[in-house]
Amino acid sequence: MKFNKFNTVIFIGFLAIVGVIIMQLFLLNQAYVFEKRDTEDKIHFALQDVVEKIYQDNNSEMPVGNLIKKVSANYFIVNVNDVFENRILEHYLKTEFEKVKLELDFEYAIYDCSSESMVYGNYISIDGKPSKMCADCFSKNTDLTYYFAIRFPNLKQSYFTSLSQYWVFTGVLFLVLIIYVYSVFLMLQQKRYTELQKDFINNMTHEFKTPLASILIASNYANSQNEIKDNPKLSKYIQIIINQSNKLNQHIEKILYVAKTDSNQIVLEKSKVDVNAILELVKENIVLKHHKEIQVEVLIAKQFYISADEFHFYNLIYNVIDNAVKYSENEVKIQINAIESVKGLTLEFTDHGIGIPEKDLPFVFDKFYRVARQDNKDIEGFGIGLSYVKRVCEWHKWQVSVKNNEAGGITVSIQINKNDYE
């Protein structure tokens, strides 16, 4: 897959989340090791104090050396090497575990010399609930004489319980990673569909333009022949073919503009543009296009020059005026004015048409959005004219807005930056 900015951002985001999760797992492991070591230290110190108290009760000297042996993670053997009572041992165990705040269930068994077997002592539950002993869990040690064994059946579960917050954070991070991966998958899939759509539009429009160009060439040639000129009916039909072909060609061009802008293929070629000359050219072409009375008044006395892409600036003006004609009634009157201010040059296009309903006003620059007209629901076009106007303004870093006039119709304002005009 070819890497671009989009793919790079996704890849970096993925690496960041994976890195955070790895760090969280590392912290979780460290917390587990620390919790295990801390619990084992508490057990060892508590059992050491229990042995000391037994020797104190017997007025015996405590031998040197480690009397506590860890058999497994939750099983310990304590070599007392002196006589002790079951009742006293249980009291000391409870007391010492409480001192070190070791809140764990435990069970213990004492080695009986007479029977040479482990005699079960008791099961101590932290919540007071009775529980059954595990008699097979205690094994005899032939090397010791006076000793007891203690077992913590829920020790491993306590480690995971004490790390509940870490587990929650880790689970949330895994959930975020899953959502992120799924979102990226959807975006890549959508990106692929969008690219296929753009390729389809580009290919289809180019396929349409080839035969359309042939039709226009043939129609214009036929229209210049004397046999056609002398026959009013044939001349009318040829003119219809030419007009409709030109209209279809304009629609194809608009679709191509949309496809190019979506794929960021537009490159502005700015030059010094005569605003007044462009307005007059658009005015002439609009009058030729529409078969009704159109009055376009250019109320600009001063000559203005701007820095812009002449091709797109012409199309911008053309689309604004063409849209005003579409949404006007039989008599079309459009006024174009220019206002200078500290912010720049503002071109205002005011028509006296039917206006735009307030509910539609915020969406008129959206792609494919069309405002319904009472006298004709099937308005010509695809709803991309004003969307294209907004795109051109964005490319030039200009501002475009629209508002309804009190006397009827709308005013489209295009504010050109101070640095872009003379």
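Residues numbered from 1 in each chain as written. Predicted model: local features only at pLDDT ≥ 70, side-chain atom pairs only at ≥ 80, totals over all residues. Heavy atoms only, no water.

Now for the packing of helix 8 (residues 310-326) against helix 9 (residues 385-396). Contact geometry for helix 8 and helix 9: axes closest at 9 Å, N-to-C directions at 145°. As for the relative orientation of helix 8 and helix 9, their crossing is left-handed in sense. On helix 9, the residues touching His-312, Asn-315, Leu-316, Asn-319, Val-320 and Asn-323 of helix 8 are Gly-385, Leu-386, Tyr-388, Val-389, Val-392, Cys-393 and Trp-395. (Axes fitted to C-alpha atoms, helices over the stretch in contact; angles between N-to-C directions. Helix = DSSP H or I, 4+ residues; strand = E, 2+ residues; numbered from the N terminus. Left-handed = near helix turned anticlockwise from the far one by under 90°. Contact = heavy atoms within 4.5 Å.)

With that out of the way, let us pick up a nonpolar patch on the surface. Judged by side-chain polarity, Phe-11, Ile-12, Phe-14, Leu-15 and Val-181 come together as a nonpolar surface patch covering roughly 440 Å² of accessible area. Broken down by element, the residue count for the nonpolar patch peaks at four residues, all from helix 1 (residues 5-57). Relative to the helices and strands, Ile-12 is located in helix 1. Among the residues examined, Ile-12 registers a relative accessible area of 52% and is labelled exposed. (Patch = residues over 30% accessible without salt bridge, like charges linked within 9 Å, V, L, I, M, F, W, Y side chains within 5 Å. Areas by Shrake-Rupley, 256 points an atom, 1.4 Å probe, with all protein chains shown as cover. Salt bridge = Lys/Arg side-chain N within 4 Å of Asp/Glu carboxyl O. Buried < 20%, exposed > 50% of the residue type's maximum accessible area, 1.4 Å probe, protein only.)

Here the focus is the sheet that holds strand 9 (residues 332-341). If you trace the five strands from one edge of the open sheet to the other, you get 7-9-10-12-11, paired in mixed fashion. Either end of the sheet is taken by a strand with one partner, and the two such strands are strand 7 (294-298) and strand 11 (399-404). The mean inter-strand angle of the sheet, taken between neighbouring strand axes irrespective of direction, is 15°. Note: strand 7 against strand 9, five bridges, orientation parallel. (Pairing = 2+ DSSP bridges.)

Turning our attention to the packing of aromatic side chains. Using the criterion set out here, one finds 10 aromatic pairs in the structure. One aromatic cluster is present, built from ring pairs that chain together Phe-76, Phe-97, Phe-106 and Phe-152. One cation-aromatic arrangement involves Lys-272 over Tyr-305; the distance from NZ or CZ to the ring centre is 4.9 Å. (Phe/Tyr/Trp six-rings, centres within 6.5 Å; stacked < 30°, edge-to-face > 60°. Lys NZ or Arg CZ within 6 Å of the ring centre and 35° of its normal.)

It is worth spelling out unusual backbone geometry at this point. It is generally the case that most residues other than glycine have a negative phi and that most peptide bonds are trans. One non-glycine residue, Lys-101, lies in positive phi territory at about 55°. Inspection of the secondary structure puts Lys-101 in the loop between helix 2 (86-99) and strand 3 (106-112). Here the phi dihedral of Lys-397 falls at roughly 65°; this positive angle occurs in a residue that is not glycine. Secondary-structure assignment places Lys-397 in the loop between helix 9 and strand 11.

One key point about sheets: their strands pair by backbone hydrogen bonds, in either a parallel or an antiparallel sense. Read from one edge of the open sheet, five strands run 1-2-5-3-4, paired in antiparallel fashion. Two strands in the sheet have a free side with no partner beyond their single neighbour: strand 1 (68-72) and strand 4 (117-124). Going from strand to strand, the sheet's axes swing by 25° on average, the running direction of each strand aside. Pairing geometry for strand 3 and strand 5 (residues 147-151), over four bridges, is antiparallel. Among the inter-strand pairings, Ile-110 is bridged to a residue of strand 5, identified as Phe-148. Contacts from helix 2 reach strand 3, strand 4 and strand 5 within the one sheet, and its direction differs from that of strand 3 by about 145°.

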